[in-house]
Amino acid sequence: MSLPAPQEHQDALRSADLSELLGHVHTCWDNERRSLSRQLHDSLGSSLTALTMHLGLLMQKMPQEPALQDRAAHMKQLLMQIVETNRQMQLKLWNDKLEFLGVRVALGELVEQFGEQHKITARCSLPDDELDCPRSHGIVLLHTLEEALRNIVAHANATEVDVIVDDNEDEVMMTVKDNGVGLGGPGTTASGHVGGKYGLRMARERAAYLGGTLTMAAGAEGGVTLTMVLPKPVNAL
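Quick summary incoming for the structure in this document. (Residues numbered from 1 in each chain as written. Predicted model: local features only at pLDDT ≥ 70, side-chain atom pairs only at ≥ 80, totals over all residues. Heavy atoms only, no water.)

Comments concerning the overall build of the protein chain
Within the protein chain one finds six helices and five strands. Helices and strands appear in the protein chain in the N-to-C order α-α-α-α-β-α-β-β-α-β-β. Expressed as a percentage of the 237 residues in the protein chain, the buried residues total 34%. For the protein chain, long-range pairs separated by at least 24 residues make up 65% of all intrachain contacts whose partners lie at least 6 apart in sequence. Counting only carbon and sulfur atoms, one obtains 56% of the accessible surface of the protein chain, whose full area is about 14600 Å². (Helix = DSSP H or I, 4+ residues; strand = E, 2+ residues; numbered from the N terminus. Buried < 20%, exposed > 50% of the residue type's maximum accessible area, 1.4 Å probe, protein only. Contact = heavy atoms within 4.5 Å. Areas by Shrake-Rupley, 256 points an atom, 1.4 Å probe, with all protein chains shown as cover.)

Structure representation (structure tokens):
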């Protein structure tokens, strides 16, 4: 007669099952977001482009009456706003640069746009070549960087951010450093979790699903240093 497994063993098995389930949910979620983004581009985007062209032709043929021209100009302005909203929705759902230009370009442009938008000195050090890692690793790196930058804006009160990506033989490592208020600042807990936010906790679980780690620590000169390490699959080495 076999003895029941110790409680610690059962807890470990349950934790592993939950981690695997969460990883599967994230993968399905990523695929769904990618599919929705493509539908917005291929269907709605194409229709909006066609409407813009047709409206332009109509405006050329319309009588030059001020009331009609003003109404047409207003319609064109509204249409352009819808086009821009559609583009922003596509970008939030899925970063096309990750798909077509690679994770290296996607990470670099994200840091550059972040610095310009928030008037923060943002530096990025990337490998000379495209990262040699699976697509799943690139998605996690990009989503983690997005979340890290959001938290810096919301809580760090930083003026400088450094993002460093190293592509080694057996792992990919990303480090995000800021010169902000540090882990003891408003909105953070002693363990480094951002109060009321789950983004980085989710990123930590995604890293664990890929066999990696995500840690946060006080920077040597203040601020916070976030480090994500993702091992490469054996068949990718």
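The discussion continues.
Focus on the environment of Leu107
Note that Leu107 resides in helix α4 (residues 103–118). Residues Leu107 and Ser125, 18 residues apart in the sequence, show an inter-C-alpha distance of 10.0 Å. For Leu107, the contacting residues outside a window of four places in its chain are Leu126, Leu141, Leu142, Leu145 and Val165.

Notes on the nonpolar core
Core analysis: the largest hydrophobic core is formed by 38 residues, its most contacted members being Leu145, Ile152, Val161, Val163 and Val176. If you list the elements that add at least two residues to this core, you get α4, α5 (135–156), β2 (160–167), β3 (171–178), α6 (199–209), β4 (213–218) and β5 (224–231). At nine residues, the largest contribution of residues to this core is made by α5. Leu48, Leu55, Ala72 and Leu79 belong to the second largest nonpolar core, which has five residues in total. (Core = buried A, V, L, I, M, F, W, Y, C linked by side-chain atoms within 4.5 Å.)

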